[in-house]
Amino acid sequence: MTTATIATLPRSIYIEPTSRCNELCQQCPRTLLSREDDRDLSFDNFRFIVDQFPVLERVVLHGLGEPLLNKELPRMIRYLKARGTYVLFNSNGILLNAKRGQELIDAGLDEYRLSMDGATRETYAQVRGVDAFDKIWRNVRAFIAMQQEQQVGARFIAPKPAVSLWFTAMKENLHELPGLIDLAYEHGIREIHLQRLVYFEQGLAHSKQALFRRSTREELELVHQCEEICKQRGIVFSAAGSATPLESLVRDFGDRPWSGCQRPYTLTYITSSGNVLSCCFAPFGHKSAREYQEERVLGNVFQEPLEAIWRGERYEAFRRDFESDHPAKQCSQCGINWSY
């Protein structure tokens, strides 16, 4: 199965521009677990990485840090766009001022995903660890207004980047989803994504907060109502995979629930330190820095070529485990504890 699939390097990758962050999210491994040292990826190191991929169709420029903290981010975007790559990232919006917003537009960013886990200042601060709710919405309102002003005369061309809202759904904040839809609509956002909670029994990243296969009838009805509201308002309401938000909370992945994932063969994730991981779930749930290094890291692009890592024994052993009944820890919970 793997030989034919990995004949070429992945065309879709994650690159972390920085591991620094300006929030303390209570469901994030960066806040709660051991992590790599804080550092920004330089443009030269970024180019060193991406130039190892002959074809890049899609690049996600985020990891555990806040991408806008890296001042070279617009330059990275321009470099990728010159290659014809689709470029996107998630961001908390705190630094999305007029200058940075204009730089993102000028660089040709395709998609800006706003991470927003509450519809009130209080809930946002509780989940994200900082009191920035009002500032973020001021930034978003100004950014979308700036986009619209620059779209004069281009009525039938969608503005870039497309702005969407990404909501990590938990029992703690699900009740605020209708209010968040109202906020998104009022600010001109026409896409909302119900994001899975990946948990590891610390902080808010706890099984008791999970909605996947644990939702009450009332919680499922609320999500259904939100689907209807979004439909009426012309808002795209999506979730993991190709499932609807409601389906993403109840779907059954079968006896080997992780096995439908194609990430081991089609995608890779590279941190700002150059460590290569299997996907965006890999930084979640390790018990120690040693476990992270020994069980999650598959190589380092500053120590050996990406192609050697992708086809190397460590990555191949990871794929063999994935195809067995005993996959790596970051894979074994997919489809069981959360959707993918």
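Residues numbered from 1 in each chain as written. Predicted model: local features only at pLDDT ≥ 70, side-chain atom pairs only at ≥ 80, totals over all residues. Heavy atoms only, no water.

Peer 1: I would appreciate a short explanation of the packing of aromatic side chains in the present structure.
Peer 2: Tallying each qualifying case throughout the model produces 16 aromatic pairs. Cluster of aromatic residues (ring-pair linked, three or more members): Phe43, Phe46 and Tyr79. Arg213 extends its terminal NZ or CZ atom over the ring of Phe212, reaching a point 5.9 Å from the ring centre. In this arrangement the basic side chain of Arg319 is found over the ring face of Trp310, its NZ or CZ atom lying 4.4 Å from the centre. (Phe/Tyr/Trp six-rings, centres within 6.5 Å; stacked < 30°, edge-to-face > 60°. Lys NZ or Arg CZ within 6 Å of the ring centre and 35° of its normal.)

Peer 1: Is there a simple way to think about the nonpolar core in this case?
Peer 2: Across soluble globular proteins, nonpolar side chains show a tendency to be buried alongside one another. Counting residues in each nonpolar core, the largest one holds 107 residues, and the members touching the most others are Leu61 and Trp137. Tallying contributions element by element places helix H7 (residues 133-150) first for this core, with 7 residues. Setting aside residues up to four positions removed in sequence, Leu61 forms contacts with Ile15, Pro17, Phe46, Pro67, Leu73, Ile77, Leu80, Val87, Leu88 and Phe89. (Core = buried A, V, L, I, M, F, W, Y, C linked by side-chain atoms within 4.5 Å. Buried < 20%, exposed > 50% of the residue type's maximum accessible area, 1.4 Å probe, protein only. Helix = DSSP H or I, 4+ residues; strand = E, 2+ residues; numbered from the N terminus. Contact = heavy atoms within 4.5 Å.)

Peer 1: Help me out: how do you make sense of unusual backbone geometry in this one?
Peer 2: Where the residue is not glycine, phi is negative for most of them; where a peptide bond is considered, it is trans in most cases. Between Lys160 and Pro161 the backbone carries a cis peptide bond, its omega angle lying at 0°. As for its placement among the helices and strands, Pro161 is situated in the loop between H7 and strand E5 (162-168). Positioned with a positive phi, Glu201 is a non-glycine residue whose angle comes to about 65°. Even without being glycine, Arg213 reaches a positive phi, approximately 60°. Mapped onto the fold, Arg213 is located in the loop between strand E6 (191-195) and helix H9 (217-233).

Peer 1: Just to check I follow, could you spell out H9 for this structure?
Peer 2: Since the α-helix advances by 3.6 residues per turn, residues separated by three or four positions end up pointing in the same direction. The end-to-end C-alpha distance of H9 is 25 Å, a good match for the 24 Å that 17 residues give at a rise of 1.5 Å each. Within the span of H9, buried status applies to Glu219, Leu222, Val223, Cys226, Glu227 and Cys230. Down the axis of H9, the smallest arc covering the buried residues is 145°, so these residues share one side. For H9, exposure combined with an orientation more than 90 degrees from the buried face picks out Arg217, Glu218, Lys231 and Gln232. (Expected span 1.5 Å × (residues − 1). Arc of directions from axis to C-beta.)

Peer 1: Would you explain the packing of helix H4 (residues 73-81) against helix H5 (residues 98-107) in this entry?
Peer 2: Geometrically, a packed helix pair is captured by the angle between its two axes and the distance between the axes. Their axes nearest at 9 Å, the elements H4 and H5 cross at an angle of 10°. Comparing the axis directions of H4 and H5 gives the class roughly parallel. For the pair H4 and H5, contact is made by Leu73, Pro74, Ile77, Arg78 and Lys81 and by Glu103, Leu104 and Ala107, respectively. Looking at the contact of H4 with H5 residue by residue, the class counts come to 5 nonpolar, no polar and 3 charged. (Axes fitted to C-alpha atoms, helices over the stretch in contact; angles between N-to-C directions. Parallel < 35°, antiparallel > 145°, perpendicular 65-115°, else oblique. Nonpolar A, V, L, I, M, F, W, Y, C, P; charged D, E, K, R; others polar.)

Peer 1: I tried to follow the pattern of salt bridges on my own but got confused; where do I start?
Peer 2: Opposite charge on two side chains permits them to pair, given that their charged atoms come into close proximity. For the structure on display, the rule yields 24 salt bridges. Between Lys160 and Asp110 there is a salt bridge whose closest N-O contact spans 3.0 Å. Taken together, the residues span a long stretch of sequence, with Lys160 in the loop between H7 and E5 and Asp110 in the loop between H5 and strand E4 (111-115) at a distance of 50 residues. By relative accessible area, Lys160 is classed as partly exposed at 41%. (Salt bridge = Lys/Arg side-chain N within 4 Å of Asp/Glu carboxyl O.)

Peer 1: Explanation requested: the packing of H5 against H7 in the structure shown.
Peer 2: Look at H5 against H7: their axes get within 10 Å of each other, and the N-to-C directions meet at 45°. Taken as axis vectors, H5 and H7 run oblique relative to one another. Every pair of crossing elements has a handedness; the one defined by H5 and H7 is right-handed. Along its contact with H5, which presents Ala98, Gly101, Gln102 and Ile105, the element H7 presents Phe143, Met146, Gln147 and Gln150. Residues belonging to the contact of H5 with H7 are distributed by class as follows: 4 nonpolar, 4 polar and no charged. (Left-handed = near helix turned anticlockwise from the far one by under 90°.)

Peer 1: Could you clarify how one ought to interpret H7 in this entry?
Peer 2: Helix length check: H7 (18 residues) gives 26 Å between terminal C-alpha atoms against 26 Å at 1.5 Å per residue, within 8%. Taken together, the buried positions of H7 are Phe133, Ile136, Trp137, Asn139, Val140, Phe143, Ile144, Met146 and Gln147. Next to the buried residues of H7 lie H5, E4, helix H6 (121-128), E5 and helix H8 (177-186).

Peer 1: Explain the side chain of Ser207 here, please?
Peer 2: Relative to the helices and strands, Ser207 resides in the loop between E6 and H9. Within the structure, Ser207 has its side chain in polar contact with the side chain of Glu201 (distance 2.9 Å). Beyond its immediate stretch of four places on either side in the chain, Ser207 contacts Tyr199, Glu201 and Arg214. (Polar contact = N/O pair within 3.5 Å; in protein donor to acceptor, adjacent residues only side chain to side chain.)

Peer 1: How should I be thinking about the environment of Ala308 in this particular structure?
Peer 2: Tracing the sequence through the fold places Ala308 in helix H13 (residues 306-310). Given the relative accessible area of 36%, Ala308 is considered partly exposed. Spatially, the C-alpha atom of Ala308 lies 11 Å from that of Gln52, the residues being 256 residues apart in sequence.

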